[in-house]
Amino acid sequence: MVDTKREIERKYESDERGLPDLTGVAGVAAVIDKGVAHLDATYYDTVDERLAASSITLRRRTGGSDAGWHLKFPVAPGVRDEIRAPLSDTVPGALAGLVRSRVRDAELVPVVRLRSDRDVRDLVDLDGRLLAEVSVDAVLAERLTGGGGPAQWTEIEVELADGIAPVLLDKVDKRLRRAEVRPSGSASKLARALSETAPRKTDTAPRETEKAGKAGKIGRAGRSDTTGTSRASGTTGKQRRGTQAPVADLPPVTAGDHVLAYLSAQRDALVALDPAVRRDLDDAVHRMRVATRRMRSALRSYRKVLDRTVTDPIGAELKWLAGELGQDRDEEVLTERLTSALDGLPPTLLTGPVGTRLHIWSHARRGGSRRRLGAVLDGRRYLELLGTLDALIADPPLLRTAGGRPEKVIGKAVRGDFAAVARLVERAVELTPGDDRDVALHEARKKAKRTRYAAESAVPALGVPATALVRSMKALQGLLGDHQDSVMVREALRDLARQAHTAGESAFTYGLLYGREERRAAAVEAGLPGFWAGIRGGAAVL
């Protein structure tokens, strides 16, 4: 069993003077000495410290009031979500699953041991309510995977109590700064321990790093071609020319740089959202699906930049993942729309146990999709896809066009996507209302979404015209999405009506809602020609 706590805290350096008097802080009526706790924490990570690179900490701690396993994810500066599990000898499976997108097949091993003497004080108000916990921690850090010697330091930690406004931390901060207590230079104890117990670098390391940096700059500036084999493809013998993969601290220069920077950002979003999806956090599935679709759209839009013999199989796997994520998201959308429609009906139009039947129908479908999605994220196919994306970014299959000017190469790709949207919309408008038009409008919606993502990736290179196209495609996507939602809701209503009829219940309400959805879709279709004409005219600047 695990539970989650939002941790809001600030850390400060401490010296021999210790903690200054905090009774003068506005709202604090008393400072209560809670004594000294002896804490012993072992931090786990991969040997190459993948969790630490993402500012994630996983520890097993004894001592204090919350002994057990603690997994912390960064939310914002000074804010982390702490997920706790009971004390055990091995990493709990629930916590291991939450870091799997970063750990992959690597083993989680003890990397650092921190032993702390924690002198705790509670800040309370006039009613004795806990406002914050302030501690002075004397820390001894020892690296367990081979490194330098141990490290010692003392720090002050101020953690906000549950339900207390963060403004209290500002007041405490002001008091500490007046006492010349300065903020800590490390975001966490682990980060400081890793830094201060790290083995010393050799004298040759800086020169090697400098040489590598120069090589990266030459490749990015387009002054030298790169040829070789893509690890993502697993093939040999095909030479590719273009630019090198983006270097994190340098701005994109070529068309290939821009495309790879966009793909890298979406890959990072996919990995970062994995734990949120597993925790079933609000909107996490939708955001992860969007990141997946953005990557797939970029691979399809920029086939003149990246070799499609390598990227097409990756795109197929991204389509598979988006489909798995989409089943859960589609259930959410259907349920929200049906629930909203029912809430808008007067009681006289609700015949039979409509609300109860909708709840049972939705719960059964969503429960199955959640279990299926969990199995997908724990499966070998998904982990292999993450590895393939890493290889794609690290060793991209760039074509000669990748070395071209971004405004030319990327602009041409985006214009091609927009032309495809135009063909699909205009064909759909010419069809008579019915199933064929529904399908055509759905295809136009999908193409509008792809064009929107292509325009998003083009904003750094094309500027204002690309931003305008993003807005236009988003509006078109929304309009056609409303139409497609109506199609899906009508299918659901037919299913619900059949179930109600079989159970001997009235199907009147479902028929009423069906008719309303028909009118809603018809209104979209009637307004589409004028809506599209406005978009078509505005896109001429591309």
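All of these numbers come straight from a predicted model, not from anything done at the bench.

Caption draft 1: Structural view of the overall build of the protein. In terms of helices and strands, the protein carries 15 helices and eight strands. Taking all 542 residues of the protein together, the buried fraction comes to 46%. Relative to all contacts within the protein whose residues are 6 or more apart in sequence, the contacts with residues 24 or more apart total 73%. Of the roughly 26400 Å² that the protein leaves accessible, carbon and sulfur atoms contribute 52%.

Caption draft 2: Examining the packing of aromatic side chains more closely. Per the stated rule, a full pass over the model turns up two aromatic pairs. Seen from their ring centres, F418 and W532 are 5.7 Å apart, and the 25 degrees between their planes marks the pair as stacked. Placement of the pair is F418 in helix 12 (residues 406-430) and W532 in helix 15 (residues 508-538), with a sequence separation of 114 residues. The pair formed by F418 and W532 is uniform in burial state, with each residue classed as buried. Taking the ring centre of W320 as reference, the NZ or CZ of R381 above it sits at 4.2 Å.

Caption draft 3: Summary view of the nonpolar core. Residues L263, Y302, M473, L476 and W532 are the most contacted members of the largest nonpolar core, which totals 65 residues. Residue contributions to this core peak at ten residues, all from helix 7 (residues 255-278). Discounting residues that sit within four places of it in the chain, M473 has contacts with F418, V421, A448, T451, R452, W532 and I535. In terms of nonpolar packing, the next biggest core, distinct from the first, is built from 20 residues, L22, V25, I156 and L160 among them.

Caption draft 4: Geometry of the sheet that holds strand 6 (residues 109-124). Around the barrel, which closes on itself, the eight strands sit in the order 1-5-4-3-2-6-7-8 with antiparallel pairing between neighbours. The sheet shows a mean angle of 35 degrees between the axes of neighbouring strands, taken without regard to direction. Relative to strand 7 (residues 130-143), strand 6 runs antiparallel, the two being bridged by 13 bridges. In the strand pairing of strand 7, R113 is matched with E142.

Caption draft 5: Seen up close, the pairing of strand 2 (residues 30-45). As paired elements, strand 2 and strand 6 share 15 bridges and run antiparallel to each other. The residue bridging D45 from the neighbouring strand is V109, located in strand 6. Relative to strand 3 (residues 57-62), strand 2 is paired through five bridges, and the arrangement is antiparallel. In the sheet register, Y43 faces strand 3, and the bridge partner there is R59.

Caption draft 6: Focus on the environment of P199. Looking at where P199 falls in the secondary structure, it is placed in the loop between helix 5 (189-196) and helix 6 (205-220). Judged by its relative accessible area of 47%, P199 is partly exposed.

Caption draft 7: Summary view of a positive patch on the surface. Positive charge collects at one region of the surface, where K304, K408, K412 and R415 lie side by side. Mapped onto the fold, K412 is located in helix 12. Overall, the relative accessible area of 62% leaves K412 in the exposed class.

Caption draft 8: Here's a closer look at the side chain of S135. In this fold, S135 is placed in strand 7. Within the structure, the side chain of S135 is placed 3.3 Å from the side chain of D137, a separation counted as a polar contact. Among all residues touching S135, those that are not within four sequence positions of it are R118, D119, V120, E155, I156 and E157.

Caption draft 9: Up close: helix 13 (residues 435-462). The terminal C-alpha atoms of helix 13 lie 38 Å apart, and with 28 residues this matches the ideal 40 Å at 1.5 Å per residue to within 8%. At E456, helix 13 shows its maximal bend, which comes to roughly 30 degrees, and the proline P460 appears one to four places after that position.

Caption draft 10: Representation of the packing of helix 12 against helix 14 (residues 464-502) in the model. Two elements in contact, helix 12 and helix 14, have axes separated by 13 Å at closest approach and are oriented at 30 degrees. With respect to helix 14, the element helix 12 is oriented roughly parallel. Between helix 12 and helix 14 lies a crossing whose hand is left-handed. For the pair helix 12 and helix 14, the contacting residues are V414, F418, V421 and V425 in the first and L469, M473 and L476 in the second. Its residues placed into classes, the contact of helix 12 with helix 14 shows seven nonpolar, no polar and no charged.

Caption draft 11: The environment of L476, seen in detail. Among the secondary structure elements, L476 is positioned in helix 14. With 31 residues separating them along the chain, L476 and R445 place their C-alpha atoms 7.4 Å apart. For L476, the residues in contact, after removing those within four places along its chain, are V421, V425, A448, L528, F531, W532 and I535.

Caption draft 12: Broad picture of helix 11 (residues 380-394). For helix 11, which comprises 15 residues, the first-to-last C-alpha distance of 21 Å matches the rise-based estimate of 21 Å (1.5 Å per residue) to within 8%. Along helix 11, the residues classified as buried are Y382, L383, L385, L386, L389, A391, L392 and I393.

Caption draft 13: Local environment of unusual backbone geometry. For R104, which is not glycine, the phi dihedral falls at a positive 55 degrees. Overall, R104 belongs to the buried group, its relative accessible area being 19%. Look at D283: it is not a glycine, yet its phi comes out positive at around 70 degrees. Of note, D283 is situated in the loop between helix 7 and helix 8 (284-301).

Caption draft 14: Up close: the confidence of the model for the protein. For the protein, mean pLDDT is 87; residues scoring 70 or higher make up 89% of the total. Element-level mean pLDDT values for the protein span from 37 in helix 6 up to 97 in strand 3. Predicted confidence is poor over residues 203-247, with pLDDT under 50, and the contacts of this stretch with residues over four places away or in other chains come to 80 contacts.

Cut-offs applied
- Residues numbered from 1 in each chain as written.
- Predicted model: local features only at pLDDT ≥ 70, side-chain atom pairs only at ≥ 80, totals over all residues.
- Heavy atoms only, no water.
- Helix = DSSP H or I, 4+ residues; strand = E, 2+ residues; numbered from the N terminus.
- Buried < 20%, exposed > 50% of the residue type's maximum accessible area, 1.4 Å probe, protein only.
- Contact = heavy atoms within 4.5 Å.
- Areas by Shrake-Rupley, 256 points an atom, 1.4 Å probe, with all protein chains shown as cover.
- Phe/Tyr/Trp six-rings, centres within 6.5 Å; stacked < 30°, edge-to-face > 60°.
- Lys NZ or Arg CZ within 6 Å of the ring centre and 35° of its normal.
- Core = buried A, V, L, I, M, F, W, Y, C linked by side-chain atoms within 4.5 Å.
- Pairing = 2+ DSSP bridges.
- Axes fitted to C-alpha atoms, helices over the stretch in contact; angles between N-to-C directions.
- Patch = residues over 30% accessible without salt bridge, like charges linked within 9 Å, V, L, I, M, F, W, Y side chains within 5 Å.
- Salt bridge = Lys/Arg side-chain N within 4 Å of Asp/Glu carboxyl O.
- Lys, Arg positive; Asp, Glu negative; His and termini not counted.
- Charge placed at Lys NZ, Arg CZ, Asp CG, Glu CD.
- Polar contact = N/O pair within 3.5 Å; in protein donor to acceptor, adjacent residues only side chain to side chain.
- Expected span 1.5 Å × (residues − 1).
- Bend = angle between axes of the 7 residues up to and from the residue.
- Parallel < 35°, antiparallel > 145°, perpendicular 65-115°, else oblique.
- Left-handed = near helix turned anticlockwise from the far one by under 90°.
- Nonpolar A, V, L, I, M, F, W, Y, C, P; charged D, E, K, R; others polar.
- pLDDT = per-residue confidence, 0-100.

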